[in-house]
Amino acid sequence: MKKRLVAVLLVMAVLVLAACGGGGNSANSGGSSDGAEAPTKIDKLTVMYVPSRPADEIISATSGLGDLLISAFAEKGYEIGSVEVSVSDDYNACGEALSAGSADVGYVPGGTYALYGDEVQLVLTATRDNLSNDTTTPADWNGDANATRREEGVPVTYYKGLIYAAPTEKGKALAAKANAGEALTWEELADCSWAIGSVTSGAAYIYPNLWLKENYDKVITDLPKALNLKYPEAFQQAAAEQVDILVCYADGRQDYEEQWTGEWGRTDSIWNECNVIGVTQNIYNDTVCLAKTGPNAEVLTSPEFIEAFTDVMMHLGDTPEGQEIIGIYSHTGYQPANDSDYDVTRNALAAME
């Protein structure tokens, strides 16, 4: 009986193996005639950036991103047909696109992530070079002797936001008081025209808003003259003496130093003319998030893809071409993110409410 039972089981095993071997390949689940697993296919991967730099500069710097991602993900078992890179109109638009699934990957500031955290998948936090200045004393940021420079090889996960006085009559008066260590009054600030950014920008809205709340128990919406301007235009309007105050990240003057005395025609340096009058709390760095909805959501939300995506992104800057791409935001690399790191940003958003 045992011999007959063994013979029957062997025959059944052969039949099962034959049945399994006779099927074709699946685009997503793998299986092939030579035993190799078929790659998981993504017809198009859409990547969206926020306009913290001019859109044309971002598109130019990231022109090689598609080929790098296609090649890197192929080694991880993913076949990407094409990569589409775009720049959103503002920070909110990028969060909305991720939330709706019309973008698969989004490079978004912490403030944008804090607003859309329940609707997107947080994966990475960017690192940046440390700055030569990290003081909370406004006067210590000003003048050529205190020109802020990036210190390569010292990555950090935060930056500060700065409130700058433009070289207008009112701006110069504020700068003189700040440089003398004197406190500014709410009446002086409210009498100025301000250049602010998107409501989800950490350095251009959320943290300056918190700075006003902490120091004057006021918020940006209390300012009679606040104009919504993107960074290049904000600095350009400051150079043209069309705004008295602007808000930006701490190394903003370094990014526009050449344009200040070149394209925008100022005769003195941006360090001497664009003076810091306020310093915000530390702002946690930009995030890289994935969509939870959309045509690629099933793949994007899988633990396998998130692991592959994390590895690819953390090694994106290993080549000169990759360094140029991530450098457009002054990123030096990426590390796994923790949702709790953005609790301070959520508190800052709560102050806005």
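Residues numbered from 1 in each chain as written. Predicted model: local features only at pLDDT ≥ 70, side-chain atom pairs only at ≥ 80, totals over all residues. Heavy atoms only, no water.

1. Concerning the packing of aromatic side chains
Working step 1: Summed over the entire model, instances satisfying the criterion amount to 17 aromatic pairs.
Working step 2: Seen in terms of ring centroids, Phe-73 and Tyr-78 are 6.2 Å apart; in terms of plane orientation they differ by 85°. Their pairing is edge-to-face.
Working step 3: Exposure remark for Tyr-78: the relative accessible area of 7% places this residue in the buried category.
Working step 4: Ring plane angle 70° and centroid distance 6.3 Å describe the contact between Tyr-107 and Tyr-334, whose orientation is recorded as edge-to-face. Note that Tyr-107 is positioned in strand β3 (residues 105-108) and Tyr-334 in strand β12 (residues 331-336), a separation of 227 residues in sequence. Both residues of the pair, Tyr-107 and Tyr-334, belong to the buried class.
Working step 5: Put simply, the rings of Tyr-49, Tyr-107, Tyr-329 and Tyr-334 pair up and form one aromatic cluster.
Working step 6: Sitting over the face of the ring of Tyr-159, Arg-128 holds its NZ or CZ atom 4.9 Å from the ring centroid. (Phe/Tyr/Trp six-rings, centres within 6.5 Å; stacked < 30°, edge-to-face > 60°. Buried < 20%, exposed > 50% of the residue type's maximum accessible area, 1.4 Å probe, protein only. Helix = DSSP H or I, 4+ residues; strand = E, 2+ residues; numbered from the N terminus. Lys NZ or Arg CZ within 6 Å of the ring centre and 35° of its normal.)

2. Examining unusual backbone geometry
Working step 1: Although it is not a glycine, Asp-217 adopts a positive phi angle of roughly 55°.
Working step 2: With respect to the helices and strands, the residue Asp-217 is situated in the loop between α8 (202-216) and β8 (226-228).
Working step 3: Exposure remark for Asp-217: the relative accessible area of 53% places this residue in the exposed category.
Working step 4: Phi is positive for Glu-241, close to 60°, though the residue is something other than glycine.

3. Comments concerning the packing of α8 against helix α16 (residues 343-352)
Working step 1: Orientation of α8 relative to α16, taken along the N-to-C sense of each, is 70°, at an axis distance of 9 Å. With respect to α16, the element α8 is oriented roughly perpendicular. Along the contact surface, α8 presents Tyr-205, Ile-206, Tyr-207, Asn-209 and Leu-210, while α16 presents Val-344, Thr-345, Ala-348, Leu-349, Ala-351 and Met-352.
Working step 2: Split by residue class, the contact of α8 with α16 holds nine nonpolar, two polar and no charged. (Axes fitted to C-alpha atoms, helices over the stretch in contact; angles between N-to-C directions. Parallel < 35°, antiparallel > 145°, perpendicular 65-115°, else oblique. Contact = heavy atoms within 4.5 Å. Nonpolar A, V, L, I, M, F, W, Y, C, P; charged D, E, K, R; others polar.)

4. Re the environment of Phe-235
Working step 1: If you trace the backbone, Phe-235 turns up in helix α9 (residues 231-239).
Working step 2: The sequence separation of Phe-235 and Tyr-164 amounts to 71 residues, and the corresponding C-alpha distance is 9.8 Å.
Working step 3: For Phe-235, the contacting residues outside a window of four places in its chain are Tyr-164, Leu-246, Cys-248, Gly-252, Arg-253, Tyr-256, Trp-260, Trp-264, Ile-270 and Cys-274.

5. So, the nonpolar core
Working step 1: In this structure, Tyr-107, Leu-189, Trp-194 and Phe-309 are the most contacted members of the largest nonpolar core, which totals 109 residues.
Working step 2: With residues up to four places along the chain from it excluded, the contact list for Leu-189 reads Leu-174, Leu-184, Trp-194, Trp-211, Leu-212, Tyr-216, Leu-223, Ile-245 and Ile-277. (Core = buried A, V, L, I, M, F, W, Y, C linked by side-chain atoms within 4.5 Å.)

That is the geometry; function is a separate question.
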